[in-house]
Amino acid sequence: MHRKNIGGIILGGGYGYITNKEISKLVESVSYTEHKPMIRCVADVFLELGIHTTLVVVNDLYACQIQEALRGYFGHFVLQYKRVGNGGAVKLCFPYILSLDETSQERIETIIILYGDMPLWRPSSINKLLKSHKETGAVISMFSISIERDCPQTVFRYGRILRDSSGNILCIKEPYQLSAEEMRTAKTVNPSAWVFQRDWLDENIRFLEPHYSKDGYPPEFWLPDMVSHAVLQRRRINEVPL
């Protein structure tokens, strides 16, 4: 099976590790991934869905490790030389998406973005998000998870979805950015699987604002901020509850 007009991006440019800083956590084999490297589990989702036109963002430290882990999967890697955030990583991909259009002889219209350290996505869930995206004509489609019911503690570290009084999505903020009132009222989180209308993302990702930290690293650009841009433009955001 080959899904036409859909391109994928795997964000694997982070510098995280589990026990040894010389080894990317993305290539570690852990029990909950059936002893496969994390990033290979993510790649399997794309392949099971028939999405072969996929870019993998890697950094200069772990690039060779990730390329080896994905040998035989994808041949398109985008090198990220410094920390730029997930939004910055997606920015780096767009020149390569143009070349993929040419080599595959079909124009990519929809882009799905998954994180390399989230190996537990089921193809059926991602397929549901893609199908809903197509049906609604949204510029962004994303999952949401309610934190009012029992859920794993790790879910609480995800970005909180803020809404207006009518329940419409306004933006996504990291937990440490929230005021006490926002923390009290934000009842859903975003688990970071994204589907974008390609042309809209291409036109608007350049407007992401940098986030500065005090750790000495360059500013980062955050992909969830695209939600705020869509809201300001009154474009449709498609929310699929999990």
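Data block above holds the structure.
The shown structure was predicted, so the numbers you read here are calculated from the model rather than taken from an experiment. (Residues numbered from 1 in each chain as written. Predicted model: local features only at pLDDT ≥ 70, side-chain atom pairs only at ≥ 80, totals over all residues. Heavy atoms only, no water.)

In this structure, Ile66, Ile113, Ile126 and Trp194 are the most contacted members of the largest nonpolar core, which totals 68 residues. For this core, the element with the most residues is helix H3 (residues 85-104), which contributes six residues. For Ile113, the residues in contact, after removing those within four places along its chain, are Ile9, Leu11, Val90, Ser192, Ala193, Trp194, Phe196, Leu201 and Leu223. (Core = buried A, V, L, I, M, F, W, Y, C linked by side-chain atoms within 4.5 Å. Buried < 20%, exposed > 50% of the residue type's maximum accessible area, 1.4 Å probe, protein only. Helix = DSSP H or I, 4+ residues; strand = E, 2+ residues; numbered from the N terminus. Contact = heavy atoms within 4.5 Å.)

Within the fold, Thr110 resides in strand E4 (residues 110-115). Thr110 gets classed as buried once you look at its relative accessible area, which sits at 17%.

Attention shifts here to the state of the cysteines. What the rule picks out here adds up to zero disulfides. Of all cysteine sulfurs in the structure, the one in Cys93 sits closest to Cys64, which takes part in no disulfide; the separation is 18 Å. (Disulfide = S-S within 2.5 Å.)

In this section: the side chain of Asp225. Along the chain, Asp225 falls in the loop between helix H6 (198-204) and helix H7 (226-232). Although buried, Asp225 forms no salt bridge, and the nearest oppositely charged side chain, Lys173, lies 9.6 Å from it. For Asp225, the contacting residues outside a window of four places in its chain are Leu208, Glu209 and His211. (Lys, Arg positive; Asp, Glu negative; His and termini not counted. Salt bridge = Lys/Arg side-chain N within 4 Å of Asp/Glu carboxyl O.)

What follows deals with the pattern of salt bridges. For the structure on display, the rule yields six salt bridges. Here Asp117 and Lys25 are joined by a salt bridge, their closest N and O atoms 3.1 Å apart. Placement of the pair is Asp117 in the loop between E4 and helix H4 (123-136) and Lys25 in the loop between strand E1 (6-12) and helix H1 (38-48), with a sequence separation of 92 residues. The exposure class assigned to Lys25 is partly exposed, which follows from its relative accessible area of 24%. One salt bridge in this structure joins Arg71 and Glu68, with 2.5 Å as the shortest N-O distance. By relative accessible area, which is 45% here, Glu68 ends up partly exposed.

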